[in-house]
Amino acid sequence: MGNTLKEMQDIQGALQCYTRAIQINPAFADAHSNLASIHKDSGNIPEAIASYRMALKLKPNFPDAYCNLSHCLQIVCDWTDYDLRMKKLVAIVAEQLEKNRLPSVHPHHSMLYPLSHDFRKAIAARHAQLCIEKVQVLHKPQYKYPKALSTGRIRIGYVSSDFCNHPTTHLMQSIPGFHNKAQTEVFCYSLSPDDNTTFRAKIAREAEHFIDLSQLPDNGKAADRINADGIHILVNMNGYTKGARNELFALRPAPIQVMWLGYPGTSGAPFMDYLVSDGVTSPMHLAGQYSEKLAYMPFTFFIGDHMQMFPHMMERVIIDNKDGSTPLSDNTSIMNATDLSVIIEQAPEIKKMVTSVVSEEGKLSSDKLEMHVIELPVTTALKAMIQTGQAHTSINGVVLQNGLTTNQTNNKMATGEEVPRNILVTTRQQYNLPEGAIIYCNFNQLYKLDPATLQTWVNILKRVPNSVLWLLRFPAVGEPHVLATIQSLGLPPTRVIFSPGDYLVCSTCDRILCIDSRR
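About the cut-offs
- Residues numbered from 1 in each chain as written.
- Predicted model: local features only at pLDDT ≥ 70, side-chain atom pairs only at ≥ 80, totals over all residues.
- Heavy atoms only, no water.
- 1 Å grid on protein atoms, 1.4 Å probe; cavity = no way out; pocket = protein on both sides within 12 Å on 5 of 7 lines; lining within 4 Å.
- Points joined across faces, edges and corners; volume = space filled by probe spheres on them.
- Helix = DSSP H or I, 4+ residues; strand = E, 2+ residues; numbered from the N terminus.
- Nonpolar A, V, L, I, M, F, W, Y, C, P; charged D, E, K, R; others polar.
- Buried < 20%, exposed > 50% of the residue type's maximum accessible area, 1.4 Å probe, protein only.
- Salt bridge = Lys/Arg side-chain N within 4 Å of Asp/Glu carboxyl O.

### Details of empty space enclosed by the protein
Throughout the structure, instances matching the rule amount to one cavity of 30 Å³ or more. As a volume, the largest cavity reaches approximately 40 Å³. Lining the largest cavity are Met 259, Trp 260, Leu 261, Tyr 263, Pro 264, Leu 275, Val 276, Ser 277, Thr 281 and Phe 301. With three residues, strand 6 (residues 274-277) is the largest single contributor of residues to the lining of the largest cavity. Residues that form the lining of the largest cavity fall into these classes: eight nonpolar, two polar and no charged.

Okay, structure coming up:
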């Protein structure tokens, strides 16, 4: 009953069923594992870890519970006995693949572990086959496709569960509107209901056709709708991420089906024809590890919508300390706005800071980076706002907004749904970042870290004494594990700074180096 309720998205009902089953039979290992999965999906990771451990205590040979426990420990960066855990996880996957079973490691999670490319492809292929088996029971005849461009335009269909306040939409929300309407006709098929955000509204407004398939849970009927629209190229933006309905693609409603953006790995599916990628993400010598043909973009398949989401970041000035008590820095206090003229006009003097640009070869190029520097006629109010955490202040009638408190005063501005109307002031002091230090930052979820990656970062910090690492509490329960590991590697925990996440963090501080994990 609990599994059925979970499948129907009745999480509370499933939780009650699993809890009741454990009350009736405390030694029921599967019930503990199922309860753990509910906690895991709800973000209650410590509770999930405890339940998975109980399941394994009752049933030591329990591959699903072991692999899911490993993923939970990965989420919170608990790397105790990491090498042994990975060795056992790889052995479990190898045995399951050899016996042609569905692996206990999900395709999306396989990227986190030291699995071979062949194993990752095989895991994806097993899940793709499961999708095929699910739609075979529908006994649907093969679809027919348009033999010519009836309207003279290519019909492109984007399918995603993330047309909402989600990183995928933050990256691509302008794509539907940027298509050349003389050559293409864009359809967006949403697999999730309306979350009433401007992200969703923008895509719905700018796509010529926006169809909410979340109201059509029957995959057969949903595929019928896509085929009836005469789609020529159908784009799978989910892959194996949350909310995916790969069964739609298994039904082949379009003649060309493509993977793009939301999932960088292979689908392992015979029903996906191409993967849009690039030569760095998917090197040609690894083409055999993909079931799809590789379609390379000129530079990168990864896009961003920052110019549309954050136009206020295009204009920036540095605030100089008027009393001259501290040396000028290009990254201590910064102002951003779509129009800074109202504050610049009040500055008694406008200076320029010119920085040489270093080329990819590490040599100084002829390019220069120029930034305006202003002295504010009144700085007391500004200092008070920063030190006390006021949401805003005013200088000669001009409202200045505290960049750090934007997520408290206007969540839509903090997430990029709205462009800030006031001038934003952001300082290193607000984020407890040392002035004058080099800041290495990574704002991924912490599950993308592993011991080898963190060791690499620690080595960098040791070689650059005047530097710190800036991470997000994403999740907060991972922070103590990361700090403990940092200390065990011989680096003071004070060299790592954690912050809550919001979209205005890294965009408003200059001279910060973004580093990436292996994922």
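Back to the write-up after that little detour.
### Regarding unusual backbone geometry
With an omega of 15°, the peptide bond between Phe 474 and Pro 475 qualifies as cis. Counting through the fold element by element, Pro 475 comes out in the loop between strand 16 (467-472) and helix 20 (479-488). Positive phi values are uncommon outside glycine, yet Arg 252 reaches one of about 55°. Assessed through its relative accessible area of 21%, Arg 252 is described here as partly exposed.

### Description of the pattern of salt bridges
Scanning the entire structure with this criterion turns up 15 salt bridges. In this structure, Glu 247 and Lys 134 form a salt bridge, with 3.6 Å as the shortest nitrogen-oxygen distance. Highlighted residues: Glu 247 in helix 13 (residues 246-250) and Lys 134 in helix 8 (residues 117-136), separated in sequence by 113 residues. Exposure remark for Glu 247: the relative accessible area of 12% places this residue in the buried category. Residue classification places Lys 134 among the partly exposed positions, given a relative accessible area of 45%. Across the pair Asp 224 and Lys 140 runs a salt bridge, and its minimum N-O distance is 3.0 Å. Of this pair, Asp 224 sits in helix 12 (residues 219-228) while Lys 140 is found in the loop between helix 8 and strand 1 (154-160), placing the two residues 84 residues apart along the sequence. By relative accessible area, which is 31% here, Asp 224 ends up partly exposed.

Remember, this is a structural readout, not a statement about activity or role.
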